[in-house]
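# Structure assessment
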Amino acid sequence: MSIMFKGKKPSRRAFLKGALATSAGALSGGAALAAGEKVITEVQPWNSELGDGVDAMPYGQPSEFEAHVKRRTVEWLTADPVSSINFTPLHELDGILTPNGLAFERHHGGTAHIDPKEHRLMINGLVERQLVFTMDDLMRFPRENHVYFLECAANSGMEWRGAQLNGCQFTHGMIHNVMYTGVKLRTLLEEAGVKPSGKWLLAEGADSSGMTRSIPMEKALDDCLVAFKMNGEALRPEQGYPVRLVVPGWEGNMWVKWLRRLEVGDQPWHHREETSKYTDLLENGQARRFTWEMDAKSVITNPSPQAPLTHKKGPTVLTGLAWSGRGTIPRVDVTIDGGITWHKARISGPSLDKSMHRFYFEFDWDGKPLLLQSRAHDSTGYVQPTKDQLRKHRGVNSIYHNNGIQTWAIDAEGNAENVEIS
Amino acid sequence: MSKFLKAFLVASMLASPALAAGKYGLGRVATADEVKAWDIDVRPDGVGLPKGKGTVEEGEELFVDNCASCHGDFGEGVDRWPVLSGGHGSLTDERPVKTIGSYWPYASTLFDYIRRAMPFGAAQTLEADEIYAITAYLLNMNDVVDDDFELSDENFKTIKLENEANFFMDDRAEKELKEFVEEPCMSACKAKVEITKRAVIVDVTPEEGGEVGGSLD
């Protein structure tokens, strides 16, 4: 037994520690175990050497040991990485807020990088005054702060025909939940003065896809925001810097990024993203359009295929997320036996309108295989349906709005797989 | 201020609303040229169409030069780029082919989308006549117009796409909600459970490097 000393002479404390380890080893005869873990019994470099100075990282980054926590794409989903999507690593997160750098990206013409000094927001069409605002102008209107989830209508869209992707990042990761700071859209529209015939709003982006969506005036005047901050800091470029539209509870495609124009009209525009795309083809060949609202949904984020149970049997924490485009989530049910018995999960953290909710269910795992599901109830009384219930109404070709109950099968080793059950 | 003067001021503000300020008086009035530059959207009723015209023949050449590298010479789609033609009658098939001809409800959407977003990577570089020509060619490719057709702002509204009537307003609230608000079973809900579908069999999760068809774009 030897102890390395970095100082000039052995300290009393280090001497005692060495003596203790030696005697403990002698007593038990199992030197390694009895001696204890080296991270405790030996002085580690970070215990002794100086760390980084304050400005080593002027904009803070996660620990190097968290490098695996990142957005990831599924290459075969789209033709190229510019008009594409990646996914939030839900299984690595807790609480309800998504860190800005991990919020999933979906763009149709790539991330535009716009100098805020060069950005303008125009309001035109059926208004008393067609106006142009600079970013400085926008900052002079009264602001509000709200936490909202943004879910792509295609989230879980690959799972209509059956279990396909192994990981909640891929099955449910087209969602993020952040606090927005912005001006009420209503305030800006009132500044321009909407004419009585103005029943619809066209929101348009400044990126090379010129993204447009038609929004009914009732929603525009209700709770939409023109936001420039997320989680307190400027929007990230991939989230529409310098300014984006926030359409609470409604499908993410409508939350136009790099927002440059709002046109007031008397009828919808029926543009590409509300006809060719983001319409829900049913089994009979007919298609629903303007399926704006996001139905209540939940998913168990841990354990899940990318986050297996590594500790074997004993005390186990199950956790997940639930949300609804119609309100709050007062209740989440969880089953660990494939739906024979359900338990009410514990919701922890703020319960906010049209925001993610975090739930937990702690149980004593007996080490046998499990079938895990969660079921969200929203404040309107809506109960998250099974995938088969949805298929009965919609068939399997509607791509969008798949809010069916997700199942993870856990085997005796603790590995998780995306499955469907009877 | 006298009542008369107040009434006069209100009357003059109403008469020239463009000059009246909003509650905060922030921003400035957009110029006519600015609105014209950005207001490029087109609606099914033809509102927003610029003056212009183009033939199927002109469109074919423009399509080959500007569009075919992704969409294919006949709109069949290269790799996973969008398929633009074909798919007629496929919407009830196991694998529907949703194209301009088989799925899109309005021709105006095509004009608007080309005008604002195409060609991919060189958006808003085409002239109005070129957009009319490419739109005409795509309509021809989808058997909507004849080979000698010339599309213009004047005849645009005569173009109808066959699938228009198959779109209807979201009816989830009426069709689904009743079933999805029932108090669910909490115990002894079923006698046994079996796994019916498994992701490992499909094997397309990125780590596995699977390659399958399908597109969300």
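Residues numbered from 1 in each chain as written. Chains lettered and ligands numbered in written order. Predicted model: local features only at pLDDT ≥ 70, side-chain atom pairs only at ≥ 80, totals over all residues. Heavy atoms only, no water.

### As for the nonpolar core
Let me state the cut-off plainly: Definition of nonpolar core: a set of buried residues of the types Ala, Val, Leu, Ile, Met, Phe, Trp, Tyr and Cys, connected through side-chain atoms within 4.5 Å. Burial here depends on accessible area, computed with a 1.4 Å probe over protein chains only, as a share of the maximum for the residue type. Under 20% is buried, over 50% is exposed, and the range in between is partly exposed. Only DSSP runs of H or I reaching four residues or more are called helices, and only runs of E reaching two or more are called strands; each is numbered from the N terminus. When checking whether two residues touch, look at their non-hydrogen atoms; a contact exists if any pair is within 4.5 Å.
If you look at the biggest cluster of nonpolar residues, it comprises 65 residues, and the most contacted ones within it are Tyr 180, Leu 185, Leu 188, Val 226 and Leu 259 of chain A. Looking at which element gives the most residues to this core, the answer is strand S10 (residues 225–230) of chain A, with five residues. Excluding residues within four positions of it along the chain, Val 226 of chain A makes contact with Leu 121, Leu 138, Gly 182, Val 183, Leu 185, Leu 188, Val 243, Arg 244, Leu 245 and Leu 259 of chain A. With 37 residues, the next largest nonpolar core counts Ala 68, Leu 84, Met 118 and Ile 134 of chain B among its residues.

### A closer look at the state of the cysteines
Here a disulfide denotes a covalent bond joining the sulfur atom of one cysteine to the sulfur atom of another. All names here are of chain B. Applied cut-off: Only a pair of cysteine sulfur atoms within 2.5 Å counts as a disulfide in this structure description.
Following the criterion strictly, the structure yields one disulfide over all chains and no others. One disulfide in the model links Cys 185 with Cys 189; its S-S distance is 2.1 Å. Between Cys 185 and Cys 189, the disulfide has an S-S torsion of -100 degrees and is therefore left-handed. Accessibility expressed as a relative area gives 36% for Cys 185, which makes it partly exposed. A residue is classified by how much of its surface remains accessible, and Cys 189, at 27% relative accessible area, is partly exposed. Here Cys 70 stays free of any disulfide, with the sulfur of Cys 67 as its closest cysteine sulfur at 9.0 Å.

### Overview of a nonpolar patch on the surface
Test applied: Patches draw on residues past 30% relative accessible area with no salt bridge. Two like charges within 9 Å are joined, as are two nonpolar side chains (Val, Leu, Ile, Met, Phe, Trp, Tyr) within 5 Å. The Shrake-Rupley method, run with a 1.4 Å probe sphere, supplies the accessible areas, and residue values consider only the shown protein chains as cover. Salt bridge criterion: a side-chain nitrogen from Lys or Arg within 4 Å of a carboxyl oxygen from Asp or Glu.
There is a patch of nonpolar side chains on the surface, built from Val 39, Ile 40 and Trp 46 of chain A and spanning about 380 Å² of accessible area. With respect to the helices and strands, Ile 40 of chain A occurs in helix H3 (residues 38–41).

### Description of empty space enclosed by the protein
Residues and elements named next belong to chain A. Quick note on the threshold: We place a 1 Å grid over just the protein atoms. Points where a 1.4 Å probe fits but has no way out form a cavity, open points with protein on both sides within 12 Å along at least 5 of 7 lines form a pocket, and any residue with an atom within 4 Å of a point lines it. Grid points are joined across faces, edges and corners, and a volume is the space filled by probe spheres set on the points. Classes in brief: Ala, Val, Leu, Ile, Met, Phe, Trp, Tyr, Cys and Pro nonpolar; Asp, Glu, Lys and Arg charged; the others, Gly included, polar.
In this structure the tally under the stated criterion is six cavities of 30 Å³ or more. Quantified by volume, the largest cavity comes out at close to 220 Å³. Considering the residues around the largest cavity, the lining is formed by 20 residues, among which Arg 106, Arg 244, Gly 252, Asn 253 and Lys 257 are closest to the centre. Taken together, the residues of the lining of the largest cavity break down into eight nonpolar, seven polar and five charged.

### Observations concerning the interface of chain B and chain A
Put simply, the rule reads: Defined in terms of a 1.4 Å probe, buried area is the accessible area two parts forfeit on being brought together, summed over both. At least two bridges found by DSSP between two strands are what make those strands a pair.
Tallying the contact residues gives 90 residues for chain B and 110 residues for chain A. Contact between chain B and chain A buries roughly 8,600 Å² in total, counting both sides, with carbon and sulfur atoms accounting for 54%. On the surface where chain B and chain A come into contact, there are 13 salt bridges. For the salt bridge of Asp 295 of chain A with Arg 172 of chain B, the shortest nitrogen-to-oxygen distance reads 3.0 Å. Per-element accounting of the side of chain B that touches chain A gives the leading share, five residues, to helix H5 (residues 107–117) of chain B. Residue composition of the side of chain B that touches chain A, by class: 46 nonpolar, 14 polar and 30 charged. For strand S15 (residues 287–289) of chain A and strand S4 (residues 167–169) of chain B, the ladder comprises three bridges, and the chain directions are parallel.

### A closer look at the pattern of salt bridges
In the structure shown here, the tally under the stated rule is 44 salt bridges over all chains. Its salt-bridge partner being Arg 161 of chain A, residue Glu 94 of chain B comes within 3.9 Å of it at the nearest N-O pair. Taken together, the residues span two chains, with Glu 94 of chain B in the loop between helix H4 (68–71) and H5 and Arg 161 of chain A in the loop between strand S6 (144–151) and helix H6 (168–172). Looking at Glu 94 of chain B, the relative accessible area reads 59%, which means it is exposed. According to the relative accessible area criterion, Arg 161 of chain A is partly exposed, its value standing at 31%.

### What to know about the sheet that holds strand S17 (residues 314–323) of chain A
One key point about sheets: their strands pair by backbone hydrogen bonds, in either a parallel or an antiparallel sense. Residue and element names in this part refer to chain A. Read across the open sheet, the four strands follow the order S16-S17-S21-S20; overall the sheet is antiparallel. What marks the edges here is a single partner per strand, and that holds for strand S16 (297–302) and strand S20 (346–347). Pairing of S20 with strand S21 (residues 357–365), which is carried by two bridges, proceeds in the antiparallel orientation. In the sheet register, Arg 346 faces S21, and the bridge partner there is Tyr 360.

### Re the sheet that holds strand S9 (residues 212–216) of chain A
Judged by pairing direction, the sheet is mixed, and its six strands sit side by side in the order S9(A)-S8(A)-S13(A)-S4(A)-S5(A)-S1(B) without closing on themselves. Edge strands, defined here as strands with exactly one partner in the open sheet, are S9 of chain A together with strand S1 (28–29) of chain B. Pairing of strand S4 (residues 120–125) of chain A with strand S13 (residues 259–265) of chain A, which is carried by four bridges, proceeds in the parallel orientation. Following the sheet pairing, Ile 123 of chain A is matched in S13 of chain A by Leu 262 of chain A.

### Section: the packing of aromatic side chains
The following threshold applies: Stacked, edge-to-face and tilted are the three classes for Phe, Tyr and Trp ring pairs, Trp counted by its six-membered ring, which pair at centre distances within 6.5 Å; planes under 30 degrees apart are stacked, over 60 edge-to-face, the rest tilted. Only when the NZ atom of a Lys or the CZ atom of an Arg is both within 6 Å of the ring centre and within 35 degrees of the ring normal do we say a charge sits over the ring.
In the structure shown here, the tally under the stated rule is 18 aromatic pairs over all chains. Judged by centre distance (5.4 Å) and plane angle (55 degrees), the ring pair of Phe 63 of chain B and Tyr 137 of chain B falls under tilted. One end of the pair, Phe 63 of chain B, is in helix H3 (residues 56–66); the other, Tyr 137 of chain B, is in helix H6 (residues 128–141), with 74 residues separating them in the sequence. Each member of the pair Phe 63 of chain B and Tyr 137 of chain B is classed as buried. Here the basic side chain of Arg 326 of chain A rests over the ring of Tyr 382 of chain A, its NZ or CZ set 5.2 Å away from the ring centre.

### Let's talk about the confidence of the model for chain B
Residue and element names in this part refer to chain B. Under the convention used in this document: Confidence scores per residue from the predictor, reported as pLDDT, run from 0 to 100.
Chain-level pLDDT for chain B is 89 on average; 86% of the residues reach the 70-or-more range. Here residues 8–18 is a poorly scored stretch, pLDDT under 50, and it has seven contacts once near neighbours within four places are set aside; other chains count. Counting interchain partners and residues more than four positions distant, the pLDDT-below-50 stretch residues 208–214 has 14 contacts.

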